[in-house]
Amino acid sequence: MKTSVIGFPRIGKNRELKFASERYFKNEINETVLEGVAKELRTYGLQKQKEAGISFISSNDFSFYDNVLDTAFLFNVVPARYKELGLSELGTYFALARGYQGEEGNVKALALKKWFNTNYHYLVPEIDDDTEIKLVGDKPIKEYKEAKELGIETKTSLIGPFTFLKLAKYTGAKKAEDFSEKLTAEYIKLISALGEAGAEWIQFEEPYLVRDIDEKNLSLFKKIYEAILGDKGNVKILLQTYFGDIRDVYDEVTALSFDGIGLDFIEGRKTLELLKTKGFPKDKLLFAGVVNGKNIWKNNYAKTLDLLKEIKGIVPANEDGSSNVVVGTSCSLLLVPYTLESETKLSEDYTKHFAFAEEKLVELSELSKLSDYADKSNVAAIDTFKKNQALFTGRVNSRDDAVLNRVANISDSDYTRLPEFNEREKLQKARLGLPLFPTTTIGSFPQTADVRKNRQLFRKGEITRDEYISFNKNKIKECIALQEEIGLDVIVHGEFERNDMVEYFGEHLSGYVFTEKAWVQSYGTRCVKPPIIWGDVSRKEPITVEWSKYAKSCTDKPVKGMLTGPVTILNWSFPREDISIKESTLQIALAIRDEVLDLEANGIDIIQIDEAALREKLPLRKSDWYSEYLDWAIPAFRLVHSGVKPETQIHTHMCYSEFTDIIPAIDAMDADVITFEASRSDLQILDSLKENNFKTEVGPGVYDIHSPRVPSVDEIVTALTKMRDKIEDSKLWVNPDCGLKTRGDVETKASLINLVEAAKIIRNTPV
């Protein structure tokens, strides 16, 4: 059987692209040097896949920042305000991604959203009525030729036109249907150019097809691909889907003249059923996504081979008996770390159960060879199979009876906080005495070089614990003094002791395993190192209490205790596969509940429980939202805070997702204050808040922290003025849209000074 990889990680085993890009942003290297680093990373990925014997390797899966942004650039979908800066092509590209502030102009970045149900973020293309869609770039062709020069034939990976149009933001009267014909024509030009360059296969990625697809969207999809497939020449077209099944469009997709169709058998709950009941055309290849591209557990060959056997029994073989089934990944390997080779400290007792991107290449190769494992003459294959199965028969995740009993004894009343919100709100306002439009930040302050060095020295044992704590306390004291100087109303301690908002908590919870260099790209240069949930989870010790107590001793102003919520901790970890996500989340919720109650007992009046990733695991089909997720995810959050006193104010935070369609569920979290990203999305969520009579106090972000630009006072006043039209003055908070960890000290101070000044102006401006 042949093998296929949808996409390969691009940030670098040691985050080489991140560091090179950041040096480029600081003008420490030029474009030529940055391009050289990029070429080395592309070459590395291509050669690793070739060495593993992968049959269908993707090119054009590399990006300096994001593949959707690449697609927008490729087809001239660049708003005029960025072109008018007069920057180089790469400079303009990064201006869309990060925003720009300089002599040439001052622009915000494009909106940033979660890529379907993952922690990867894409940049939302912006199309106005005057956008002239045309093929202006040659990146896919250059990267195809680059691979060809290495002796590697690739399938060119492209974000499909249907998904691109559906993810775009339309700022005028025209919508997707108005641009589809022109975009389709330009894709056909690209296909022709790739064909002339020698390309045999093009992979059109259309993950939007796994969502609910109505007749209007189906008509748009068919119109696009009937034109493309009718004018593709000799190039073969692979329609690649992932993150679910295509139950709404299966008949139409299989009826079209695609040369290959990629289906997800991991997250696609109905994919196998569709195959069984509807069959599969004999004139196409089925790219079967059977190796999990999102999680790091080793593939269970017995289960996968049984699945492949069933699939092969349905998909017609060629006349010569060769299979039309290709063994593939369920999605791009962008979502997992590079390789276990970098994990030198983690015991083999753990690592033997894991497979990162490079190990998954081996799995694909072995599964291909094992597809005939019943043949007893294939001694090597049988040996490989037996070794794999030994891992599963011998593996025992750590179970904890105390944790299991505690989860089993959760009662309905544990999910309900009393008294109700309206009564709590009055008590909290009286106790805290905050002004109208209270100002605060989301939590973290810049993690500057000295902060990172202090943590590194402590981890290496080069400074004592007392020295480490003393340094962090000094930083907390300085941070609080800065916030008091700026005039913020609710203070945070800055989180200088934390490496990551999930990993830090995982380190203080039982049941977690941690890696050294298992970095995964979240967006652009931002990388995360998700911990691995190995066993049952409980709190080993108080986690944040001493830091929050110290911060409270440094100021007379209210101090927020800062925690990460259970759904986010689960969603930003690599979860277990032997128990349900719901059970894991409830275990974590009980652990964080213990921390909440300890903070309250130590005098912390405001506690923020971040659920930045609540939306992330929401099923992509609305019909599954409650039955498969919200019915337990929302109660899990309530379980964390239901035991606090009425006067204790509970905050939560969410970022960079589309929330407008789940506003009632967010309100049902029963927090007292919610802050969320709004600046990049032009405050679109405000209408939904008003329409749903949102009861919770709210702080829509007034400026984008993922950009180095400093917002002006007038800009923030304008945003707050818009907010007042939709939100009662008594319920409106003023804050950035996310934590300040990745920003610099100078820009942070300047931005917050402007934020406080804008709040003062609004307080003195009648409605």
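Whatever comes next refers back to the structure up there.
Residue indices begin from 1 for each chain and proceed along its sequence in written order. Where local features are concerned, this predicted model is filtered to residues with pLDDT of at least 70; where side-chain atom pairs are given and counted, the filter is 80 or more; whole-chain, interface and lining totals use all residues. With hydrogens and water set aside, each side-chain value is computed from the structure's full complement of heavy atoms.

Right, let's get into the nonpolar core. Grouped together as the largest cluster of nonpolar side chains are 142 residues, with contacts concentrated most on Trp 115, Tyr 225, Phe 258, Phe 265 and Ile 311. Only DSSP runs of H or I with at least four residues qualify as helices, and only runs of E with at least two residues qualify as strands; both kinds are numbered from the N terminus onward. No other element matches helix H8 (residues 176-197), which puts eight residues into this core. Note on definitions: a residue-residue contact is assigned when non-hydrogen atoms from the two residues lie within 4.5 Å. Ignoring any residue separated from it by four or fewer positions in sequence, one finds Trp 115 in contact with Val 68, Tyr 120, His 121, Tyr 122, Ile 159, Leu 167, Pro 207, Tyr 242 and Phe 243. Definition used in this section: a nonpolar core is a set of buried Ala, Val, Leu, Ile, Met, Phe, Trp, Tyr and Cys residues joined via side-chain atoms within 4.5 Å. Burial classes follow relative accessibility: with a 1.4 Å probe on protein chains only, a residue under 20% of its type's maximum area counts as buried, one over 50% as exposed, and anything between as partly exposed. If you look at the next biggest cluster of nonpolar residues, it comprises 97 residues, including Ile 480, Trp 632, Ala 671 and Ile 727.

What follows concerns the sheet that holds strand E22 (residues 673-676). Across the sheet, which stays open at both edges, the five strands sit in the order E19-E20-E21-E22-E23 with parallel pairing between neighbours. The sheet terminates laterally at strand E19 (560-564) and strand E23 (697-700), the two strands that pair on one side only. Neighbour-to-neighbour, the strand axes of this sheet turn through a mean angle of 20°, independent of strand direction. DSSP-based pairing: two strands are paired if at least 2 bridges between them are found. For E22 and E23, the ladder comprises four bridges, and the chain directions are parallel. Residue pairing in the sheet places Val 673 in a bridge with Glu 697 of E23. Helix axes are fitted to C-alpha atoms over the stretch in contact, other axes to C-alpha atoms as well, and angles between N-to-C directions run from 0 to 180 degrees.

The next subject is the sheet that holds strand E1 (residues 2-4). Within the open sheet, the eight strands sit side by side as E1-E14-E13-E12-E11-E10-E8-E2. Their pairing is parallel. This sheet does not close on itself; its edge strands, each paired only once, are E1 and strand E2 (57-59). Between one strand axis and the next, the sheet turns through 30° on average, direction left out of account. Relative to strand E13 (residues 285-291), strand E12 (residues 260-264) is paired through five bridges, and the arrangement is parallel. Its bridge partner being in E13, Ile 261 is matched across the sheet by Leu 286.

Now for helix H21 (residues 545-553). Residues of H21 that are buried include every one of Val 545, Trp 547, Ser 548, Tyr 550 and Ala 551, and no others. The secondary structure elements touched by the buried residues of H21 are helix H19 (465-486), helix H20 (503-506), E19 and helix H23 (581-601).

This brings us to unusual backbone geometry. The omega torsion across Leu 418 and Pro 419 is -5°, close enough to zero to call that bond cis. Tracing the sequence through the fold places Pro 419 in the loop between helix H16 (401-408) and helix H17 (421-432). Non-glycine residue Phe 116 carries a positive phi angle of around 55°. Note on placement: Phe 116 falls in the loop between strand E5 (112-114) and strand E6 (121-123).

Within the secondary structure layout, Ser 323 lies in the loop between helix H12 (301-314) and strand E14 (325-329). For the pair Ser 323 and Met 1, spaced 322 residues apart in sequence, the C-alpha separation works out to 6.4 Å. Other than its neighbours up to four places away in sequence, Ser 323 contacts Met 1, Lys 312 and Asn 318. Among the polar contacts listed, one links the side chain of Ser 323 to the backbone nitrogen of Val 325, at a separation of 2.9 Å. Distance and chemistry together define a polar contact, namely a pair of N or O atoms within 3.5 Å, with one atom able to donate a hydrogen and the other to accept it when in protein, and with adjacent residues in sequence counting only for side-chain atoms on both sides.

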